[in-house]
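Structural description and commentary
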Amino acid sequence: MAKAPRYLCRDCGSSHTVWAGRCDDCGSWNSLEESDNQLGHFSKKLESGTKSSKNKGMVVRSLADKIPPAEYVPIGIAEFDRVLGGGIVAGAAVLIGGDPGIGKSTLMLQAASLCGQNRKVLYISGEESVEQILLRAERLSQQSPKLEVAAETSVENIIAGVQKLKPSLVIIDSIQTMHLTSLDSAPGTVTQVRASSHLLMSAAKKYGFSVILIGHVTKEGAIAGPRVLEHMVDTVLYFEGERSQHFRLLRAVKNRFGACDEIGVFEMSGVGLREVDNPSALFLADREEAIPGTCVIPALEGTRPILVEIQALVAPSHFAAPRRAVIGWDQQRLAMILAVLEKRFGYGFGKQDVYLNITGGYRLLEPAADLAVVIALISSLGNYNVPANLAAFGEVGLSGEVRAVPQPDIRMREAAKLGFAEMIMPKQKIQKSAKDNLHCTLCSDLNPLVRRFPPIKEEETHSQAAFM
Ligand code: TYD
Ligand code: MG
């Protein structure tokens, strides 16, 4: 009987017997791809292996057993070590993802050469030739006696090499270029990525070296390849930033050996990445002192907090129907917020054009941005200055009430870490420690903001316009 084809979802790794435009499991579009059933063969082989008489069964231990504490070996880059939770643990697997050209290879080469001062490190690139890597190392003026580089894409060759060289850290740049010659599918497919990382990680556990896998990122921002990859590894890091700007953030989204709300901040320079000790200074560098019409919101991306600046410009309109232009936010939501401000609090937006922009090309989707949008709008209308170290989050309802939003603690910690001193937020349950270094104004409705940025009525905006 002919073998039924099997389709695997590129994003979540689930298997399907018929092709469909959308994965039933994770809902992503156009992510199913045909796979040969070779992983199935492997598991069959494994199954028959378990029946053989040589099998010893598993070893169990008591929870009370004393074991030495996990040893964290520092990489040598303080910001990187902080995100890892103190260093890398022997036998652990770390996955690091980021947009193309953001500096993953640069960061890893710098880490490899620092680490290679006293430990044996193997840097394997499937994307660049050895000459290119050496050129880059020269540019970064990195020399390291115990760092060895190789251009290789076959996982079988890598594992054979590792057995011989016995490194303590192996860096794979990138996992999407690696392949098992015994599998037919092309590098980068679900089958190859899953099988290659599985083999590399079991080798790491068996021979006691740590492995860092670099992963590509899809246009939605997730690490390309099956989502299971993120479940398999011990630590998942994202390296992110605007390519046109020089600062980069390294962020842990999963860490079995440390906290995952740590971020590391770097600056891209002509000679590689430099650590930034005082990130708030860097982040606020482009922001002017107190100006009207801006407010920062600590937004959440999944579980990841990201600080985003909202800018509003409210100007007298020359049109019969004033313009409402929005970039990066929901037009309907802006209309709703404007209606609440007009009807409930008397702000006169009726004869004003309103422009709203989320800086950095970012798209904000969550309602938690409402409060920051309100501050940007009313401060621009009345020309009130907004302190540069003020941030806000909270959902605004139709009667002008301010509602609780998820994960306030993460947002507050992130803002405090980046140097913000004042937070306007909903009255909601928060951990005491989240308030450290922050002056919080808790609001159950918009009245505290109305007192601080008093309404300009529609008649007043007419007289304002007449003077301009
Ligand atoms: P790279 O590490 O190759 O990115 P990735 O591996 O994430 O794709 O980084 C490439 C970018 O970094 C490239 O646009 C040039 C820039 N860069 C510097 O600005 N300074 C440097 O010293 C180096 C090595 C790269
Ligand atoms: Mg690269």
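Refer to the structure presented above.
Reading guide: rules and limits
Residues numbered from 1 in each chain as written. Chains lettered and ligands numbered in written order. Predicted model: local features only at pLDDT ≥ 70, side-chain atom pairs only at ≥ 80, totals over all residues. Heavy atoms only, no water. Core = buried A, V, L, I, M, F, W, Y, C linked by side-chain atoms within 4.5 Å. Buried < 20%, exposed > 50% of the residue type's maximum accessible area, 1.4 Å probe, protein only. Helix = DSSP H or I, 4+ residues; strand = E, 2+ residues; numbered from the N terminus. Domains from an automatic or database assignment. Contact = heavy atoms within 4.5 Å. Near = heavy atom within 4 Å. Polar contact = N/O pair within 3.5 Å; in protein donor to acceptor, adjacent residues only side chain to side chain. Areas by Shrake-Rupley, 256 points an atom, 1.4 Å probe, with all protein chains shown as cover. Nonpolar A, V, L, I, M, F, W, Y, C, P; charged D, E, K, R; others polar. Salt bridge = Lys/Arg side-chain N within 4 Å of Asp/Glu carboxyl O. 1 Å grid on protein atoms, 1.4 Å probe; cavity = no way out; pocket = protein on both sides within 12 Å on 5 of 7 lines; lining within 4 Å. Points joined across faces, edges and corners; volume = space filled by probe spheres on them. Pairing = 2+ DSSP bridges. Right-handed = clockwise from strand over helix to strand, strands pointing away. Axes fitted to C-alpha atoms, helices over the stretch in contact; angles between N-to-C directions.

Observations concerning the nonpolar core
Ranked by size, the top nonpolar core spans 63 residues in total, and within it Ile310, Trp329, Phe349 and Leu377 carry the most contacts. It is helix H10 (residues 370-382) that provides the largest number of residues to this core, a total of 9 residues. For this core, the domains that each give at least three residues are domain 1 (72-277) and domain 2 (282-452). Setting aside chain neighbours within four positions, we find leucine 377 in contact with Ala312, Val314, Leu334, Ile337, Leu338, Leu341, Phe349, Val354 and Leu356.

Some points on the site of ligand 1
Near ligand 1 there are 16 residues, and of these Gly101, Ser105, Thr106, Ser269 and Gly272 occur at the shortest range. Within the side chain of arginine 139, one N or O atom sits 3.3 Å away from a nitrogen atom of ligand 1. Bound to the protein, ligand 1 loses 74% of the 560 Å² it would expose on its own. Those elements giving two or more residues to the shell around ligand 1 turn out to be helix H3 (104-115), helix H4 (130-139) and strand E13 (263-269). For the shell around ligand 1, the element with the most residues is H3, which contributes 3 residues. Across the shell around ligand 1, the residue classes tally to 5 nonpolar, 7 polar and 4 charged.

Digging into the pattern of salt bridges
If you walk through the whole model with that rule in mind, you get 13 salt bridges. We note a salt bridge from arginine 82 to glutamate 79, for which the minimum N-O separation is 2.8 Å. Of this pair, arginine 82 and glutamate 79 are both found in helix H2 (residues 78-84), 3 residues apart, which corresponds to roughly one turn of the helix. In this structure, the salt-bridge partner of arginine 333 is aspartate 370, at a minimum N-O distance of 2.7 Å. Taken as a pair, arginine 333 in helix H9 (residues 331-345) and aspartate 370 in helix H10 lie far apart in primary sequence, 37 residues in all. Aspartate 370 carries the same exposure label as arginine 333, and that label is buried. Where salt bridges share partners, they join Lys205, Asp234 and Arg256 into one cluster.

A few points about empty space enclosed by the protein
Scanning the entire structure with this criterion turns up 2 cavities of 30 Å³ or more. By volume, the second largest cavity is sized at about 30 Å³. Residue lining of the second largest cavity: Leu84, Gly87, Ile88, Val89, Ala92, Val94, Thr235, Asn255 and Phe257, and that is the complete set. When grouped by side-chain class, the residues that make up the lining of the second largest cavity number 6 nonpolar, 3 polar and no charged.

Remarks on the pairing of strand E17 (residues 324-327)
Bridge analysis of E17 against strand E18 (residues 352-358) gives 4 bridges, and the strand direction is parallel. Bridge pairing links isoleucine 327 to asparagine 357 in E18. Once the chain exits E17 it traverses H9 before rejoining the sheet at E18, and the crossover so formed is left-handed.

Some details on the sheet that holds strand E11 (residues 235-240)
Here 9 strands make up an open sheet; going across it, the order is E8-E7-E9-E10-E6-E11-E12-E13-E14 and the pairing mixed. Looking along the sheet, the strands with just one partner apiece sit at the ends: strand E8 (147-151) and strand E14 (272-275). Within the sheet, the average angular offset between the axes of one strand and its neighbour, ignoring direction, is 25 degrees. Note that E11 and strand E12 (residues 247-255) share 6 bridges and pair antiparallel. From the neighbouring strand, glutamate 240 faces E12, where its bridge partner is leucine 249. Packed on one face of the sheet, H4 meets strand E7 (121-125) and E8 and runs near 140 degrees to E8.

Observations regarding the side chain of serine 113
Tracing the sequence through the fold places serine 113 in helix H3. One polar contact links the side chain of serine 113 to the main-chain carbonyl oxygen of glutamine 110, over a distance of 3.1 Å. If sequence neighbours within four positions are ignored, serine 113 has contacts with Gln142, Ser144 and Leu147.

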